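Overview (structure and organization)
Given next are the chains, with one letter for each unit.
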Amino acid sequence: EPGGSGTLILPLFGDAEQRWPTALRAVLYCLGLAWCFMGVAIIADIFMGAIETITSKRSRRFNSVTGRHHTVLTWNPTVANLTLMALGSSAPEILLNVVETVVTNKMFAGDLGPSTIVGSAAFNLLIIIAVCVSAIPDGEIRKIKEMPVYCVTAVCSIFAYVWLLLVLMVFTPNVVTPLEGILTFLFFPLLALIAFAADKGYFGGKPRSKRALGTLVTADMTKEELADIEVQIRKEYGSHITDEQVTKIINLSSAEANSRAHYRVAATRRMMGGKRVLVERMSASSRSLTDILGARSKVVPFEPVEEETPQAKCTIEFGAANYAVLENSETVKIKVIRKGILDTVVVVRYKTRDGTAKAQRKGEENADYIETEGSLNFGPGETEKQIAVSILDDNTYEEDEDFFVDIFDARVVSSEPLGHVAPGGKQPKAIAVLVDPSGSEGAPLVSTKVTIIDDDMAGTICWAKEEVHLQQTPSDTVCTFEVNRRNGSKGNITCKYRTENATAAATVDYEATEGSIEFEDNVCVAQVPVKILGRGRYGSSANFRVVLTDVVGNGAKFDPNTDGGEDSCILTVYIDADKVAMERVDKMMNKLMAKLDKAKIGHSSWKDQFQSALFVNGGEEEGSDGPAWQDYAMHVVSFPWKLIFACCPPTDYCGGGGCFFVS
C-alpha cells in the first residue's frame, strides 16, 4: 500500500507502482511469482541432476568366485532415495523454511516456512500415493517391490506427525527446545539406517542384491560384461532370439529403474522447452518378456511337421582312430564297436586301403601287409567285432609306414524284434549309422589308420599339438585333445592327466578334470576330454594347461623335447573370443550407450550446458516436425534463467560435487 515498507524486491518502480490499480498489480505479481517459481524449478532440477550423478556412481569390484570384476552401484538405492534424493526433491521448501526461520524471523516460526514442510510431507503421503494408485489402468496391477523398506518408511512417516504433535502440544507447547530439535534431527539418520537394514533383508524378505539380475547396464560397463550377459540371456531364452530381442531383454532385466530425480527433470524440461530426457514408459504387458519374445518366450518357435515313422538307430565305429603294430607281428586286430539298438542284425563291409604301406598283390614286391576285405555280421546283443589283417615281415630297414582300414555300407538286415513301440503306436524303423573318429554321424565311409613300425619299444608320450586355440561358444562344449604314442607301441602303458589354471579359471572358463588314459598294445592314440564352459568373451583370450604325468609301463617315457620335459608333458589351451560374437556385442553396446546418453540428466561440459540453454529443446529436434510453438514460447520466457544457471559446473565435473554445492 502507499507509504508501506514493501518487501525485499517489490515495489520495483517505487511509490508510483503502489498507485497502480490493485487488480493490475495482482496479475503482474502473480506472473512474476510464476516466473520466479520457474527459475526455482530450473535450478532445482540442475541440483537434482547433480544428486543423480552422485548417487549413480559405480565401482568395479572383484568377484573371487568368478575371478572377474563387476560394475555395481556405490550408493545403496534405498539410502540414496531417503537422503540426497529426498533433499533434492524437497530443496525449495527446506530452503524457504531455513531462510524465513533463521534469517528473517530470528528463530521464530513464520507463516510460510513450517507450513511448507508439513504441507509437502502431507502432500507426498496422501495426494501422491492417491495419484499413483488411481493412475493404474483398468485390468492391470502393480506390486510394491521393496515391501520391508516400504513398511519402514510408512511407519516412520506416521511417527513424524505424532512426534510433531507431541513436541508442539504436549512436551513444550508452541516451543521447540534444542533437545527436541537435536532428537528430531537424529531420527533422520536412524531412519536411513533402519531402511538400509530392511533393504539388506534383516527384517525378512530377500536382500536387494539377490533379487537383482546382477551387473548393471551403465556407461561404465565393459564389453566383456555385456558379452557375458548376452550369453546368459541366450542360454535362458534360446539361441534363436535376435540381437534386437537380446537388447530389449537387457534393457528390461538389467537396467535400473528411473529415479525420482529423473522423472522430475524430464517433466520440467518438457515444460520449459529444455533438452529432452529419455523416460521409458512401459505398460504391464510390455514389462513382461511376452511382449518381446511372444507367448512362447522360452521355447524355440514350433513348426509343425508331417508325422513320420520314428527311427531307432545303431552306430558302428572303430575302437580307436589309429593303431600301431610291430613289423614282426603276424596280425593286427582292428576293433569295431556297435552301440545303440542291439536287438537287430547289422552287417557292415570292410576293406584295407594302401597308404605308404603296400598290400601284397601280383607283381608287388616288398609288400607290407595282406590285402583284406569282407563283412562283419553283428547278431542281436553283439557289440564288438574284430578285423584281422596279416602283417608281412622283411629284413629291409624302413621308416614307419601306414595303411588304412575302411568300413562302409552298414545296414540292418533284420529288425525283428525291436522290443519297444514309439509314442503314437508306430513301430520304429531301425537304421545303421557309421560314426567317424571325430564323433560325426552319417558318413558313407569311415577309416582308421594302421602304422607298421620296426622296433619293439613301448614308445614316447606327447601331445599331438603343444598349443590349441579354441573359439569361445555360448554353450558348454566337451573338447577332446589328442595324445600320441610315438617310436614304439609295444605293451600296455598308462599315464595320468590333470588340468590347472593359468589366466583361465576352473568353474568359470572350463571344468576342472583329472584322470588317467591307457594305451593298449599296438594302440598309439588316446583322447583327453575337457568341458569348456559357455560364457561371453570379448577381445580377451584366456588359457589353461592340461598336464600329463606319471607314465607307467614297458619303459615308456615322455618326449623330452616337448613342453614339460622328461617328467611331464604340457598342453596349453587358449580360449579365444568369437569375432562374430564381438561384432554383435559392438552393435548392442552402441544401441545401449545411445539410449543411456538420451536418458542422461546432466551435461559433460560447459559447452553442452550453454548449447542447451541457447537453443530450444537443447538443440535437438523431437520428431520429424521439430519443436512445437509451446516449446519456443516457454524457451523465450525461461531463457534468462537458463542462461544464468548454465554457469553452474557441469555434473561430470568433480563427480557432480561442484554442481551440487553451486546450485
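Computed from a predicted structure; not experimentally measured.

A word on the overall build of the protein chain
- Each helix and strand counted, the protein chain has 16 helices and 22 strands in total.
- Counting only residues that meet the buried cut, the protein chain has 38% of its 663 residues in that class.
- If you sum the accessible surface of the protein chain, you get close to 37400 Å²; carbon and sulfur atoms cover 59% of it.

Remarks on the pattern of salt bridges
- Tallying each qualifying case throughout the model produces 10 salt bridges.
- A salt bridge links Glu-317 to Lys-339; the shortest N-O distance between them is 3.7 Å. Here the residue Glu-317 occupies a position in strand 3 (residues 311-318), and Lys-339 occupies one in strand 5 (residues 331-340), the gap between them amounting to 22 residues.
- On the basis of relative accessibility, which here comes to 18%, the residue Glu-317 falls in the buried class.
- For Lys-339, a relative accessible area of 43% puts it in the partly exposed group.
- When the shortest N-O distance is used, the salt bridge between Asp-409 and Arg-411 registers 3.3 Å.

Remarks on the pairing of strand 16 (residues 477-486)
- Across four bridges, the pairing between strand 14 (residues 460-463) and strand 16 is antiparallel. Residue pairing for strand 16: Trp-463 is matched across the bridge by Val-483.
- Sheet topology places strand 16 next to strand 19 (residues 525-532); eight bridges connect them, and they run antiparallel. Across the sheet, residue Thr-480 finds its bridge partner in strand 19, namely Pro-529.

A short note on a negative patch on the surface
- Judged by side-chain charge, Glu-384, Glu-518, Glu-520 and Asp-521 come together as a negatively charged surface patch.
- Position of Glu-384 relative to the elements: it lies in strand 10 (residues 384-390).
- The class of Glu-384 is partly exposed, set by a relative accessible area of 42%.

A closer look at the sheet that holds strand 15 (residues 467-471)
- Pairing is mixed across the open sheet formed by five strands, whose spatial order is 15-22-20-17-18. Whereas interior strands pair on both sides, the edge strands pair on one side only; in this sheet they are strand 15 and strand 18 (514-519). Direction aside, the axes of adjacent strands within the sheet are offset by 25° on average.
- Pairing analysis gives six bridges linking strand 17 (residues 493-501) to strand 18, with the strands arranged antiparallel. If you follow Ile-493 over to strand 18, its bridge partner there is Phe-519.

Quick notes on the sheet that holds strand 13 (residues 445-453)
- Across the sheet, five strands lie side by side as 4-13-11-6-9; this open sheet has mixed pairing. Each edge of the sheet is formed by a strand with only one pairing partner; in this case those strands are strand 4 (322-326) and strand 9 (373-378). Averaged over all adjacent pairs, the angle separating strand axes in this sheet is 25°, with direction ignored.
- Strand direction decides the pairing type here: strand 4 and strand 13, joined by five bridges, are parallel. When the sheet's bridge partners are listed, Tyr-323 is paired in strand 13 with Val-450.

Some thoughts on the packing of aromatic side chains
- Counted by the stated rule, this structure contains 10 aromatic pairs.
- Between Trp-35 and Trp-641, the ring centres sit 4.6 Å apart and the planes meet at 40°, which makes this aromatic pair tilted. Here the residue Trp-35 occupies a position in helix 2 (residues 22-55), and Trp-641 occupies one in helix 15 (residues 629-645), the gap between them amounting to 606 residues.
- Ring centres of Tyr-510 and Phe-544 lie 4.1 Å apart, and the angle between their planes is 15°; on these two criteria the pair is classed as stacked. Taken together, the residues Tyr-510 in the loop between strand 17 and strand 18 and Phe-544 in strand 20 (residues 542-552) connect sequence positions 34 residues apart. Of the two residues, Tyr-510 and Phe-544, both sit in the buried class.

Looking at helix 7 (residues 178-199)
- Over its 22 residues, helix 7 extends 32 Å from the first C-alpha to the last, a length consistent with the 32 Å expected when each residue adds 1.5 Å.
- Of all the positions in helix 7, only Glu-180, Leu-191, Ala-192, Ala-195, Ala-197, Ala-198 and Asp-199 are classed as buried.
- Looking one or two residues past helix 7, Gly-201 carries a phi angle of roughly 90°, positive in sign.

With respect to unusual backbone geometry
- In this model, Asn-174 sits at a positive phi of 65°, which is unusual for a non-glycine residue.
- In this fold, Asn-174 is placed in the loop between helix 6 (147-171) and helix 7.
- Phi angles above zero are rare outside glycine, and Asp-550 is one such case at about 55°.
- Using a relative accessible area of 46% as the deciding quantity, one classes Asp-550 as partly exposed.

Considering the confidence of the model for the protein chain
- Confidence along the protein chain averages 78 in pLDDT terms, with 77% of residues attaining 70 or more.
- When the criterion is pLDDT under 50, residues 209-216 qualifies, and its contacts beyond four places in sequence or with other chains add up to 18 contacts.
- pLDDT under 50 marks residues 282-287. Its contacts with residues more than four places away, or in other chains, come to nine contacts.

Section: the side chain of Arg-535
- In this structure, Arg-535 sits in the loop between strand 19 and strand 20.
- For Arg-535, a relative accessible area of 8% puts it in the buried group.
- Of the polar contacts made by the side chain of Arg-535, one reaches the side chain of Asp-509; its length is 2.7 Å.

With respect to the packing of helix 3 (residues 77-89) against helix 7
- Where helix 3 contacts helix 7, the two axes come as close as 9 Å, and the packing angle between them is 160°. By the criterion of interaxial angle, the relationship of helix 3 to helix 7 is roughly antiparallel. Both helix 3 and helix 7 take part in a crossing whose hand is right-handed. Only Phe-188, Leu-191, Ala-192, Ala-195, Phe-196 and Asp-199 of helix 7 make contact with helix 3, whose side of the interface consists of Thr-78, Val-79, Leu-82 and Thr-83.
- Classifying every residue of the contact of helix 3 with helix 7 gives seven nonpolar, two polar and one charged.

Structural notes on the pairing of strand 4
- The buried count for strand 4 comes to five of five residues, which makes it a mostly enclosed element.
- Here strand 4 shows no split at all, with Asn-322, Ala-324 and Leu-326 on one side and Tyr-323 and Val-325 on the other all buried.

Basis of the calculations
Residues numbered from 1 in each chain as written. Predicted model: local features only at pLDDT ≥ 70, side-chain atom pairs only at ≥ 80, totals over all residues. Heavy atoms only, no water. Helix = DSSP H or I, 4+ residues; strand = E, 2+ residues; numbered from the N terminus. Buried < 20%, exposed > 50% of the residue type's maximum accessible area, 1.4 Å probe, protein only. Areas by Shrake-Rupley, 256 points an atom, 1.4 Å probe, with all protein chains shown as cover. Salt bridge = Lys/Arg side-chain N within 4 Å of Asp/Glu carboxyl O. Pairing = 2+ DSSP bridges. Patch = residues over 30% accessible without salt bridge, like charges linked within 9 Å, V, L, I, M, F, W, Y side chains within 5 Å. Lys, Arg positive; Asp, Glu negative; His and termini not counted. Charge placed at Lys NZ, Arg CZ, Asp CG, Glu CD. Axes fitted to C-alpha atoms, helices over the stretch in contact; angles between N-to-C directions. Phe/Tyr/Trp six-rings, centres within 6.5 Å; stacked < 30°, edge-to-face > 60°. Expected span 1.5 Å × (residues − 1). pLDDT = per-residue confidence, 0-100. Contact = heavy atoms within 4.5 Å. Polar contact = N/O pair within 3.5 Å; in protein donor to acceptor, adjacent residues only side chain to side chain. Parallel < 35°, antiparallel > 145°, perpendicular 65-115°, else oblique. Left-handed = near helix turned anticlockwise from the far one by under 90°. Nonpolar A, V, L, I, M, F, W, Y, C, P; charged D, E, K, R; others polar.

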